[in-house]
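# Inside the fold
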Amino acid sequence: MSKTKKILLTLLGVFSIILVGVVILLFSFTQSMKADPDEEKKIRDQAERYLEETFDEGTEIYDVLYDNMGNRGYFEYAAKVKHEKYGTHFLVFFNDETGEMEDTFLSDKWQDDAEKEIRPYVEKELGDVLISKEMEDIAESEDWEKIQEEIGDYNQLLLAFDEGIGKELNIDPNKPASYKDYEVSPTIRITLSRKKQDADEDRFNEMINGLKKDHGNMIVEYISIKGVLLEDDEWHKKF
């Protein structure tokens with residue numbers, strides 16, 4: 001066998017090994033992105049027991065969230081729950097850091113309440129907006145083009161409280177007080193699908209006044225419906 005053929009065969013062997021390795025890695029990654037049915041059942045069972053012990057009002061588990069990208073960090077699976085009285089959608093999960101079952105009911109309820117309150121001020125200054133609950137319904141679709149079509153030219157409003165605020169303040173979920181009764185700092189994030197305008201800062205300050213909170217953060221970003229940044233800098237104000 002000539003020296004050239006030996007080199008070619010060696011290169012072919014190395015390439016084959018690399019190719020097999022890539023295929024194995026891709027398969028492993030694909031499998032890791034899929035939810036484990038046993039784990040889904042496990043969190044459903046845990047959540048059912050937790051809800052029975054924690055909530056007096058009716059609740060319904062309607063789905064399971066699998067955090068396959070590790071965005072949360074303190075859980076991998078969470079039950080998606082709807083509170084029948086308030087209509088609040090929230091999560092129930094086992095917190096790997098605390099070793100306890102926890103929920104996001106209060107932060108999600110406060111989010112719904114605050115977004116509904118500030119929405120008229122936002123729409124007065126900026127036009128129609130979509131709030132979190134509406135965005136959640138739209139995002140249920142796996143068709144990105146359909147999602148973009150439904151979002152259209154709408155601006156987006158997201159108002160968030162710390163997910164563990166209920167536990168931190170030791171608030172009974174069966175007596176969910178108003179966020180206005182506590183010294184909490186919500187984060188208001190608004191996404192505008194247009195370029196910056198000279199009157200924007202005055203508009204944003206009017207919206208802050210409408211929230212009737214002494215503490216918080218407002219962030220405004222300019223992003224097209226296709227996800228392209230329209231301005232390099234966000235507008236930000238701590239109040």
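Below: a short report on this structure. The structure presented is a predicted model; accordingly, all values stated were derived computationally and were not measured.

### So, the overall build of the chain
- If you tally the helices and strands in the chain, you get seven helices and nine strands.
- Taking all 239 residues of the chain together, the buried fraction comes to 36%.
- Put simply, of all contacts in the chain between residues at least 6 apart along the chain, 59% involve residues at least 24 apart.

### So, the sheet that holds strand β3 (residues 89–95)
- Ordered in space as β1-β2-β3-β4, the four strands form an open sheet in which the pairing is antiparallel. Both edges of this open sheet fall to β1 (59–66) and β4 (100–103), since each of them pairs with a single strand only. Strand after strand, the sheet turns through a mean of 25° between neighbouring axes, direction not considered.
- Where β3 lies against β4, four bridges are found, and the strand directions are antiparallel. When the bridges of β4 are listed, Phe-93 appears paired with Glu-102.
- Against the sheet, helix α2 (residues 37–54) engages β1, β2 (77–83), β3 and β4, with an angle of about 145° to β1.
- Contacts between helix α3 (residues 105–126) and the sheet are confined to β2, β3 and β4, with β3 contributing the most and set at about 155° to the helix.

### Digging into the environment of Glu-134
- Positionally, Glu-134 belongs in helix α4 (residues 132–139).
- For Glu-134, the contacting residues outside a window of four places in its chain are Arg-119 and Val-129.

### Topic: the layout of surface pockets
- Quantified by volume, the second largest pocket comes out at close to 370 Å³.
- Lining the second largest pocket are 23 residues, and of these Tyr-50, Glu-102, Asp-103, Gly-166 and Lys-167 sit closest to its centre.
- Looking at the lining of the second largest pocket, the elements with two or more residues in it are α2, β3, β4, α3 and α6 (165–168).
- Element by element, the count of residues in the lining of the second largest pocket is highest for β4, at four residues.
- A breakdown of the residues in the lining of the second largest pocket according to their chemical character gives nine nonpolar, seven polar and seven charged.

### A look at the environment of Leu-65
- With respect to the element layout, Leu-65 can be found in strand β1.
- Taking the C-alpha atoms as reference points, Leu-65 and Ala-78, 13 residues apart in sequence, are found 5.1 Å from one another.
- The contacts of Leu-65, once residues within four sequence positions are left out, are Arg-72, Phe-75, Glu-76, Tyr-77, Ala-78, Lys-80 and Leu-91.

### Quick look at the side chain of His-83
- Of note, His-83 is situated in strand β2.
- Of note is the side chain of His-83, whose polar atom sits 3.4 Å from the backbone nitrogen of Tyr-86.
- Beyond its immediate stretch of four places on either side in the chain, His-83 contacts Phe-55, Glu-57, Gly-58, Thr-59, Thr-88, Phe-90 and Phe-105.

### A few points about the side chain of Glu-221
- Relative to the helices and strands, Glu-221 is located in strand β8 (residues 217–222).
- A distance of 3.1 Å separates polar atoms of two side chains, one belonging to Glu-221 and the other to Arg-189.
- In contact with Glu-221, not counting residues within four places along its chain, are Arg-189, Ile-190, Thr-191, Leu-192 and Glu-234.

### A short note on the pattern of salt bridges
- Taken as a whole and judged by the stated rule, the model has 13 salt bridges.
- Two residues, Lys-109 and Asp-113, come together in a salt bridge whose shortest N-O distance is 2.8 Å. One end of the pair is Lys-109 and the other is Asp-113, both in helix α3 and four residues apart, which spans about a single turn.
- Through salt bridges with shared partners, one network takes in Glu-100, Glu-102 and Lys-167.

Criteria and cut-off values
Residues numbered from 1 in each chain as written. Predicted model: local features only at pLDDT ≥ 70, side-chain atom pairs only at ≥ 80, totals over all residues. Heavy atoms only, no water. Helix = DSSP H or I, 4+ residues; strand = E, 2+ residues; numbered from the N terminus. Buried < 20%, exposed > 50% of the residue type's maximum accessible area, 1.4 Å probe, protein only. Contact = heavy atoms within 4.5 Å. Pairing = 2+ DSSP bridges. Axes fitted to C-alpha atoms, helices over the stretch in contact; angles between N-to-C directions. 1 Å grid on protein atoms, 1.4 Å probe; cavity = no way out; pocket = protein on both sides within 12 Å on 5 of 7 lines; lining within 4 Å. Points joined across faces, edges and corners; volume = space filled by probe spheres on them. Nonpolar A, V, L, I, M, F, W, Y, C, P; charged D, E, K, R; others polar. Polar contact = N/O pair within 3.5 Å; in protein donor to acceptor, adjacent residues only side chain to side chain. Salt bridge = Lys/Arg side-chain N within 4 Å of Asp/Glu carboxyl O.

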